[in-house]
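Listed below are the residues making up each chain.
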Amino acid sequence: MSDFLSNKYSPFRFRELSNHILVTNEIGDFDVFPTDILERFFNDQLTNDEVNQFKNLSIIFDNDSKWRLSSLLRRVRKETESTQRKINYIMLIPTLRCDLSCSYCQVSRAPVNSKGFDWTDSHLAKFESFIEQLELDHVKIEFQGGEPTLRTDLLKKIIQITEKHSTSSEFVVCSNLTTITPEIEELYERDDLVISTSIDGSISTMTENRTSSDDISQQIFNNFQYILKKYGPSKISALPTITEAQIDNPKQLLDIYVDLGFQSIFLRPVNYMGFARKQHRTLSQQVERWNNFYTRSLDLIKDINKTQYFDEFYTSLVIRKIFSKEPNGFVDFRSPSRFLNDTCVIDFDGEIYPSDEARMLSRIRHIDLSVGNLESGINEDKLSVLNDGGINQFHEDCIHCAYMPHCGIDIIDDISRYKRFDVIKQETWFCNKQLFLFDFIFSKVITKDKEWLDLFLRWMKRSTTPSNAYDLFL
Amino acid sequence: MINLQLKASFNTSNEPFVVRLFDNRRLNEQLENDPSNAYFTSIKNDELICTSQFGKFTIYINEGINLHNDVVICYPTKGIIDRFFRSDSRHNTILFTEKCDERCVMCSQPPKEIDNTWRFPLFEEALLLVKENSVIGISGGEPTLYKKQLLDMIEAVSHKRPDISYHILSNCQHLVKEDIQRLETIQKKTTITWGIPLYATSSEQHDLIVGKPGAFNRLIDNLFILASTGATIELRTVLTGLNAVELPKLAMFISNHIPFISIWAIMAMEPIGFAKANREKVFFDHTIFPHPLNSALDICEIRNVNVTLYNFPRCTIAEKNRKYCAQSISDWKNKFIPECNGCIEKNSCSGFFEWYNKKWSWEGIQKITN
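Residues numbered from 1 in each chain as written. Chains lettered and ligands numbered in written order. Predicted model: local features only at pLDDT ≥ 70, side-chain atom pairs only at ≥ 80, totals over all residues. Heavy atoms only, no water.

**Brief notes about the overall build of chain B**
Line of reasoning, step 1. Within chain B, the regular secondary structure consists of 10 helices and 16 strands.
Line of reasoning, step 2. Overall size of chain B, expressed as C-alpha extent along the three principal axes, is 60 × 55 × 35 Å.
Line of reasoning, step 3. Relative to its full complement of 370 residues, chain B shows a buried share of 57%.
Line of reasoning, step 4. For chain B, restricting intrachain contacts to residue pairs at least 6 apart in sequence, the fraction spanning at least 24 positions comes to 70%.
Line of reasoning, step 5. Side chains of chain B give 41 positive and 42 negative charges; the mean places of these two sets differ by 2 Å. (Helix = DSSP H or I, 4+ residues; strand = E, 2+ residues; numbered from the N terminus. Buried < 20%, exposed > 50% of the residue type's maximum accessible area, 1.4 Å probe, protein only. Contact = heavy atoms within 4.5 Å. Lys, Arg positive; Asp, Glu negative; His and termini not counted. Charge placed at Lys NZ, Arg CZ, Asp CG, Glu CD.)

So this is what it looks like as structure tokens:
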């Protein structure tokens, strides 16, 4: 420790942006300097104010404030230390069958009448003993598919088992909402259950992407309105998947979400997985096209906020991570990834995956990313191989990036697009998407763009009440 | 204002002693023959005649004062008793020492170079007699100037009275790593909250306010030591003209570096002591310039810092932030002023310090009516 304390500097990172140099420390505290700062830093020509700025960033240390190093160490350790496995989110696929066949179906669903794609009684029994040894406290179970409502009988049994082996529980049914039978409705009436569905845009977009039939698309909207009216807006949420059908017209998509009464939208690019690999091949490689769509959308969202609260899920997640220091549990966007630390996916055949995307990749036999199954439990060796790759803090392409402390790492996405995760990160879709978003956010900070900063503050507070907490930025 | 000291005449030896006052008109068989008690049966002409194992003594009281179950320290040669513990109050504080190594520019209780150590055994004796589950404040001066005696006292009392918890006000200058084990042991037995003042984010500013070079860096160093013992820490910031503008930065500093504190108390100044002498420097009207305070509260909300406002009358705080106001001013030194008449939030308001006057008046004071 004494040697450590004699260090005068801690590592820092920088990036030129908006005619300034953005400097970040090991944990993501940041400040902004003139463009010649690095030259002057290394030639010992900093002004006193600049020295203090670097001291406040815990980049330069002096003998009087040794606590700054203790503080930095504490924060880095808190961010990166391994924590004991405590599963609180389980995604289940009771059936892979589905009555729709979406163009981008990332799980390559099974036809609705096929056999052998559902959980059996033996799966239920194994699931029970599996979660029993997880010693669950509060747990959220998300029913994915396939279309889970094809098997309400299984859903009911799984809910029963979960309630028996957890201190408290809540449930999400991810349904395409083509059908609401009395059996399904009986489930929906539960107070501890919410519905998540897919709405990609207008009827014609829905038909093109998902249903191949305007009648079914209309039925989905009718069912959506029915649920909304009967149970209120907290009962149901929706996600779009952005394909060629919407990428040039963000306004139409956003208008639909506003009209449906949403206060949030998660603009999600089509993944390079499942059916999408063939049907949306070009789009899922054009990151510039995505970034262009994304900025246009954010500008429109800024306008929507003039009259109501409305956030973009991913940007506000990133904003909260950078400025609110809110821990995020999003497994595709965190570092260390800590696969299977708090969440897991159990497939229709009992295989266990670290994320839904990992399941998708394995399903098309691209790679087997299962890290165990209900029968034999978790394969810790295989899991640790994945986890070793899921740390940007040690990754040679990430450690020099100014955004490293704010960013995550998504090796599953890398594998899906490039068949390996040791590709140069700067050339990946994930990295370019992330860099673009971070540049967008920090350019607003550097230029003190009040309109945007006010919006960021709203998203941090999750309310429209004005705030003058500008010290969060600079 | 409640008197914490009462005149008395003694028919006892000259040695100071500690008793619990007991109203014999309230029959309670268990306590009736407790040698710790001084019994009184009647009040005549504002004189309370007490019988104890130390002899008889008479306390001169004002009408309406209730001394039943109070613990008092009696000083026969001075002819006074100290109301060490008032059983009907939540604000019982031991003035452990009046010495201090800091000279805060707004200190409400300016330090004095008086040797108080001879009272320590009396404090210990008195603690053993207080009501069950009491919270005892320990203040000064700087109590940890006598760190060993302080911890000895708390530890000794904890063996017989683990139910008592403490709130210690300390400038956190005198801890060392070697204290960690001892504090851990004590805090396992007894609940202690450490009230520790931090006024700014730099040594330049903080040291200037507390009048001690090097205080800031030592304070932060020691907060890490204290936190490592699992201590409950209440960080306290008195809002003055010298640090008001800095408040949002302080909120950032706390959330970044010392998020392990249990609560951050932002406190309105007590207009007495050094504050009175330094009014020009320290007075700040947060009703005219509310931005720094509101911004700091917003940052706390966003960064998940548990924050509270002490000593701020509710009408001086923006409505959306009144949820942070605590009813904090001790019962023996708070008051309401004519402007409070008809205010609908008076019952939940901290009111004003007894020594508040026009000179310290905030512009925004007005009764809340809706």
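Having seen the structure, we can now continue with the description.
**Description of the sheet that holds strand E7 (residues 138-143) of chain A**
Residues and elements named next belong to chain A.
Line of reasoning, step 1. Across the sheet, which stays open at both edges, the 7 strands sit in the order E10-E9-E8-E7-E4-E13-E14 with mixed pairing between neighbours. With one partner strand each, in any of the chains shown, strand E10 (236-239) and strand E14 (352-353) form the two edges of the open sheet.
Line of reasoning, step 2. Summarising the sheet, strand E4 (residues 89-92) and strand E13 (residues 343-346) pair through 4 bridges and their orientation is parallel. When the sheet's bridge partners are listed, Tyr 89 is paired in E13 with Thr 343. (Pairing = 2+ DSSP bridges.)

**Description of a nonpolar patch on the surface**
All names here are of chain B.
Line of reasoning, step 1. A contiguous nonpolar surface patch, about 310 Å² in accessible area, is contributed by Val 245, Ile 288 and Phe 289.
Line of reasoning, step 2. With respect to the helices, strands and loops of the structure, Val 245 is situated in the loop between strand E12 (232-239) and helix H7 (247-257).
Line of reasoning, step 3. What makes Val 245 exposed here is its relative accessible area of 61%. (Patch = residues over 30% accessible without salt bridge, like charges linked within 9 Å, V, L, I, M, F, W, Y side chains within 5 Å. Areas by Shrake-Rupley, 256 points an atom, 1.4 Å probe, with all protein chains shown as cover. Salt bridge = Lys/Arg side-chain N within 4 Å of Asp/Glu carboxyl O.)

**Let's talk about the nonpolar core**
Line of reasoning, step 1. One finds Ile 90 and Ile 346 of chain A together with Phe 84, Met 106, Met 153, Tyr 166 and Trp 264 of chain B to be the most contacted residues of the largest nonpolar core, which totals 220 residues.
Line of reasoning, step 2. Sort the elements by how many residues they give to this core and helix H18 (residues 429-446) of chain A lands first, with 11 residues.
Line of reasoning, step 3. With near-sequence residues (within four places) excluded, Met 106 of chain B lies in contact with Tyr 199, Ile 209, Val 238, Thr 240, Met 269, Ile 272, Phe 274, Ala 275 and Val 282 of chain B.
Line of reasoning, step 4. Phe 10, Phe 17, Phe 40 and Leu 48 of chain B belong to the second-largest nonpolar core, a separate cluster that totals 17 residues. (Core = buried A, V, L, I, M, F, W, Y, C linked by side-chain atoms within 4.5 Å.)

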